[in-house]
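Understanding the architecture of this molecule
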Amino acid sequence: MDKIKVPFYEMRSEFKRILLDHSFSEPRAGKCAEIFATNSLEGIYSHGIYRFPRFVENVQKGFINPDAEPERTNAAGAIEQWNGNLGPGPLNAEFCTDRAMELATENGIGCVAIANTNHWMRGGTYGWQAAQKGKVFIGWTNTEGNMPAWGAKDSRLGNNPLVLAVPFGNEAIVLDFAMTQFSYGKMEAAKIERTLLLFPGGFNKNDELTTSPDEILETKRGLPIGYWKGAGLSLLLDILATVLSAGLATKDITRKEAEYGVSQVFICIDLKKLHNYPAIDQSISAIIDDFKASLPIDESQQIRFPGERVISTRNENLKQGIPVDKSIWEKILRM
């Protein structure tokens, strides 16, 4: 591929320019552009630079309402239900994370569930958002059907990404993973970059496991993580997202002409409310020290905790620019 390096601030500026041309207000265009550019900066190109054109297309098709704000439909102590009104997924998710943190500050724990929202892009964004403010974060979303139940041929489960995050020094430990071995964004990125997956990521039309992203994107039959365990976890995440938000389930989203109107859950915990709060940093550090003392199979490879690679990628891309396929960047400049 013919790659170029684009400075973070230039990428953010171009994203904002395009969103302003698509009926986003100045502050909302700025926030959304920041999220897409930061995802790219931190190496999650699949849900940053590569996903941005589709996001704009969904605005044009009316699946995303640039002006829509979330509305609270129910409150019960530390639990709240909201309607996303088909607003931009990243903005709704950022709002829900902030609200869950407010509830956690008041109650020790806060849970915000939102129906009728859109793709949140990189779920880890909201894990970092909460953890860098001292909160534990647990969040997930349902999706359209793109993963089969274990032993099934057709895809009736979503890959329903789940995010877990805890504060760690000035940064965070953030685990962001889909229920498929590779997220569809990662597989789409691999297709664009013309590379195979490192491990089998799904089934082809002959019911065979394959490392070809093209074949998996054709069948929409991603491989569940942990085989039957991932399939079971996906089912429960869909049930909980649907029930807690009073929103649509994967089966309902799949019947739409595109993936929109999804259901999401955001949970935050305020560690300061715990009696062992003064010792928590030391406890986490000791666990990580022991974890990183693992003996690597390949001595040239480091043992990394979830989110550690993001920190190094962020620093490298800030200095050198964000690597982007030249044709993708030229397409964005023409938008």
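Above this text sits the structure in question.
This text gives an overview of the structure that appears in the document.

As a further point, take the side chain of D325. Turning to its location among the elements, D325 is positioned in strand β11 (residues 322-325). Despite its burial, D325 pairs with no opposite charge, the nearest such side chain being R194 at 5.5 Å. Side chain to side chain, D325 and S327 meet in a polar contact 2.3 Å long.

A word on a nonpolar patch on the surface. Side chains of L235, L236, I239 and V243 sit close together on the surface and give an oily, nonpolar patch of about 350 Å² of accessible area. Counting through the fold element by element, L236 comes out in helix α8 (residues 228-245). Residue classification places L236 among the partly exposed positions, given a relative accessible area of 45%.

Glancing now at the sheet that holds strand β2 (residues 71-76). Pairing is mixed across the open sheet formed by seven strands, whose spatial order is β2-β3-β4-β10-β5-β6-β7. This sheet does not close on itself; its edge strands, each paired only once, are β2 and β7 (171-177). Taking each pair of neighbouring strands and ignoring which way they run, the sheet shows an average axis angle of 15°. Relative to strand β6 (residues 162-168), strand β5 (residues 135-141) runs antiparallel, the two sharing four bridges. Paired with W140 across the strands is L162, a residue of β6. Relative to the sheet, helix α5 (residues 124-131) contacts β5, β6, β7 and β10 (262-270), its axis offset from that of β7 by approximately 155°. Along the sheet, α8 contacts β3 (79-83), β4 (109-117), β5, β6 and β10; its crossing angle with β10, the most-contacted strand, is approximately 85°.

In the contact formed by helix α1 (residues 8-20) and helix α12 (residues 326-334), the axes pass within 9 Å of each other and the chain directions differ by 40°. By the angle between their directions, the pair α1 and α12 is classed as oblique. For the pair α1 and α12, the contacting residues are E10, M11, E14, F15, R17 and I18 in the first and W329, I332 and L333 in the second. Taken together, the residues of the contact of α1 with α12 break down into six nonpolar, no polar and three charged.

A few words now on the state of the cysteines. Following the criterion strictly, the structure yields zero disulfides and no others. There is no disulfide at C32, and the cysteine sulfur nearest it, in C96, is 14 Å away. Classification of C32 by relative accessible area gives buried; the value is 0%. No disulfide involves C268; its sulfur sits 9.6 Å from the nearest other cysteine sulfur, which is in C111.

Bringing the packing of helix α2 (residues 26-41) against helix α4 (residues 89-107) into the picture now. Closest axis-to-axis distance for the α2/α4 pair is 9 Å, and the angle between their directions is 90°. Here α2 lies roughly perpendicular to α4, going by the angle between them. The segment α2 lies against α4, with R28, K31, C32, I35 and F36 engaging P90, L91 and E94. For the contact of α2 with α4, a count of residues per class yields five nonpolar, no polar and three charged.

Attention now moves to the pairing of β11. Neither face of β11 is left uncovered, since the one carrying I322 and V324 and the one carrying P323 and D325 both have all their residues buried. Here four bridges tie strand β1 (residues 3-6) to β11, and the two strands are oriented antiparallel to one another. Residue pairing in the sheet places I4 in a bridge with V324 of β11.

Right, let's get into α1. Counted at 1.5 Å a residue, the expected span for α1 with its 13 residues is 18 Å, and the 18 Å between its end C-alpha atoms agrees. Within α1 the residues assigned to the buried category are F8, M11, E14, F15, I18 and L19. Looking straight down α1, one finds that the buried residues subtend no more than 135° of arc, so they occupy a single side. Buried-residue contacts for α1 involve β1, α2, α3 (52-60), α11 (308-320), β11 and α12.

Here the focus is the nonpolar core. Formed by 29 residues in total, the largest nonpolar core has its most connected members in M11, F15, L19, I49, F55 and V324. For this core, the secondary-structure elements that each account for two or more residues are α1, α2, α3, β11 and α12. Ranked by residues supplied to this core, first place goes to α2 with six residues. Aside from chain neighbours lying at most four places away, what touches L19 is F24, A29, C32, A33, F52 and F55.

The rules behind the values
Per chain, residue numbering runs from 1 following the sequence as it is written. Local features in a predicted model are, by the rule used here, given only for residues with pLDDT of at least 70; side-chain atom pairs are given and counted only at 80 or more, and totals for whole chains, interfaces and linings are based on all residues. Note that water and hydrogens are dropped before the side-chain values are worked out from all heavy atoms of the structure. Helix numbering and strand numbering both begin at the N terminus, where a helix is a DSSP run of H or I of at least 4 residues and a strand a DSSP run of E of at least 2. Summary of the burial criterion: residues with accessible area below 20% of their type's maximum are buried, those above 50% are exposed, and those between are partly exposed, where the area comes from a 1.4 Å probe applied to protein chains only. His is not counted, nor are the chain ends, whereas Lys and Arg count as positive and Asp and Glu as negative. By convention in these notes, a salt bridge is any Lys or Arg side-chain nitrogen within 4 Å of a carboxyl oxygen on Asp or Glu. Within 3.5 Å is the distance limit for a polar contact, defined as a pair of N or O atoms, with the added protein rule that one can donate a hydrogen and the other accept it, and that residues adjacent in sequence qualify only through two side-chain atoms. In this scheme, patches are assembled from residues that exceed 30% relative accessible area and form no salt bridge. Like charges are connected within 9 Å, while nonpolar side chains (Val, Leu, Ile, Met, Phe, Trp, Tyr) are connected within 5 Å. Only the protein chains shown count as cover for residues, with accessible areas throughout obtained via the Shrake-Rupley method and a probe of 1.4 Å. At least two bridges found by DSSP between two strands is the condition for calling them paired. Interaxial angles span 0 to 180 degrees and are taken between N-to-C directions of axes, which are lines fitted to C-alpha atoms, for helices over the stretch in contact. The contact criterion used throughout is that any non-hydrogen atoms of two residues lie within 4.5 Å. In these notes the angle categories are as follows: under 35 degrees is roughly parallel, over 145 is roughly antiparallel, 65 to 115 is roughly perpendicular, and the rest is oblique. Charged residues are taken to be Asp, Glu, Lys and Arg, nonpolar residues to be Ala, Val, Leu, Ile, Met, Phe, Trp, Tyr, Cys and Pro, and polar residues to be all remaining types, Gly included. The disulfide criterion used throughout: a pair of cysteine sulfur atoms within 2.5 Å. Multiplying 1.5 Å by the residue count of a helix minus one yields the expected span of that helix. The reported arc concerns the directions from the helix axis to the C-beta atoms and nothing else. Nine residue types can take part in a nonpolar core, namely buried Ala, Val, Leu, Ile, Met, Phe, Trp, Tyr and Cys, and a core is a set of them joined through side-chain atoms within 4.5 Å.

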